[in-house]
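One letter stands for each residue in the lines below.
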Amino acid sequence: MSAQTDISITQVLKSSGFLSAASEDVVPRIAGIASLIHYNRGDLIFAEGVSCQGMYIVGKGAVKIYKIGPDGREHVIHVAEPGDCFGEAAMFLGQGYPAYAAAVKNSDLVFLRKTPFLELLEKESDLCFKLLGAMSIWSHRLVSKLELLTLRDTSSRLAGYLLSKANAADGLIKLEIPKQTLAAQLDMASETLSRLLNRFEAQGLIEVNGREIRIIDSTGLTELEEME
């Protein structure tokens, strides 16, 4: 873990879905109590049950949120990517972290320490209301993501993921996380993900080149995404 990064706190906050609905005056006030921390791939950010020290927003890289089962296996609940936040529920509820968090690649995170952040909210009632509005929009996005995982089959989930990550200009997707982690995020086995990618490519929907995937037939993927 290191404090040396090449991005700014303000830049990360402005790109955060957590603050997507916040007004312009909110970001500088939060930035004043935040710190920017670098984690190397594999670094543990926090462990399940540990007292919550604050919340995080991903600036660069990716962080897996996971549980460890009785058999010692990891079960990935979510992968936080740039713009995503994690640890906020534990901070607002006053509880310990409900899961483990670890960097799956070199990552730059904005850390909002619990005490100064809550003190700021106590002093600035208008900031509380603006933040509640931002959190409401963010929660809707999370509900949509939960629907993706619970209501759709594996083909539909993968199609939806690819469409959401594709560059609008050329349909290119650069996987920033290992395929094993992506499979866990989409609630499927690694072998299932590989088979689906091969099937999609054989059907002329995508073109796979290592960690780069290009969408060839967005209409076909959209039809798959809409199937439950």
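Small disclaimer: the values here were computed from a predicted structure and weren't measured.

Each helix and strand counted, the chain has 9 helices and 11 strands in total. Per-residue burial over the chain gives 45% buried out of 228 residues. For the chain, the proportion of contacts with a sequence separation of at least 24, taken over those separated by at least 6, is 73%. For the chain, the computed accessible surface area is about 11,700 Å², with 50% contributed by carbon and sulfur atoms.

Note that Ser164 resides in helix 6 (residues 154-165). Among the polar contacts listed, one links the side chain of Ser164 to the backbone oxygen of Tyr161, at a separation of 2.7 Å.

Core analysis: the largest hydrophobic core is formed by 41 residues, its most contacted members being Leu13, Ile45, Tyr56, Val63 and Phe86. Filtering out sequence-adjacent residues up to four positions away, Val63 remains in contact with Ile45, Val58, His78, Val79, Ala80, Phe86, Ala101, Ala102, Ala103, Val104, Ser107 and Leu109. Within the second largest apolar cluster, 27 residues are counted, among which are Ala62, Ala159, Met188 and Phe200.

With that settled, consider the packing of aromatic side chains. In total, this model carries 7 aromatic pairs according to the counting rule given. Ring plane angle 20° and centroid distance 5.3 Å describe the contact between Tyr66 and Tyr100, whose orientation is recorded as stacked. Taken together, the positions of Tyr66 in strand 4 (residues 63-68) and Tyr100 in strand 7 (residues 100-103) put the pair 34 residues apart, joining distant regions of the chain. Classification of Tyr66 as buried rests on a relative accessible area of 7%. Judged by centre distance (6.3 Å) and plane angle (55°), the rings of Phe92 and Phe117 are tilted.

The next thing to look at is the sheet that holds strand 4. Reading across from one edge, 2-7-4-5 is the order of the 4 strands in this open sheet, with antiparallel pairing throughout. Of all the strands in the sheet, just strand 2 (44-46) and strand 5 (74-80) have a single pairing partner and so form its edges. Taken over all neighbouring pairs, the strand axes of this sheet differ in orientation by 35° on average, direction set aside. Where strand 2 lies against strand 7, 2 bridges are found, and the strand directions are antiparallel. If you follow Phe46 over to strand 7, its bridge partner there is Ala101.

Conventions and cut-offs
- Residues numbered from 1 in each chain as written.
- Predicted model: local features only at pLDDT ≥ 70, side-chain atom pairs only at ≥ 80, totals over all residues.
- Heavy atoms only, no water.
- Helix = DSSP H or I, 4+ residues; strand = E, 2+ residues; numbered from the N terminus.
- Buried < 20%, exposed > 50% of the residue type's maximum accessible area, 1.4 Å probe, protein only.
- Contact = heavy atoms within 4.5 Å.
- Areas by Shrake-Rupley, 256 points an atom, 1.4 Å probe, with all protein chains shown as cover.
- Polar contact = N/O pair within 3.5 Å; in protein donor to acceptor, adjacent residues only side chain to side chain.
- Core = buried A, V, L, I, M, F, W, Y, C linked by side-chain atoms within 4.5 Å.
- Phe/Tyr/Trp six-rings, centres within 6.5 Å; stacked < 30°, edge-to-face > 60°.
- Pairing = 2+ DSSP bridges.
- Axes fitted to C-alpha atoms, helices over the stretch in contact; angles between N-to-C directions.

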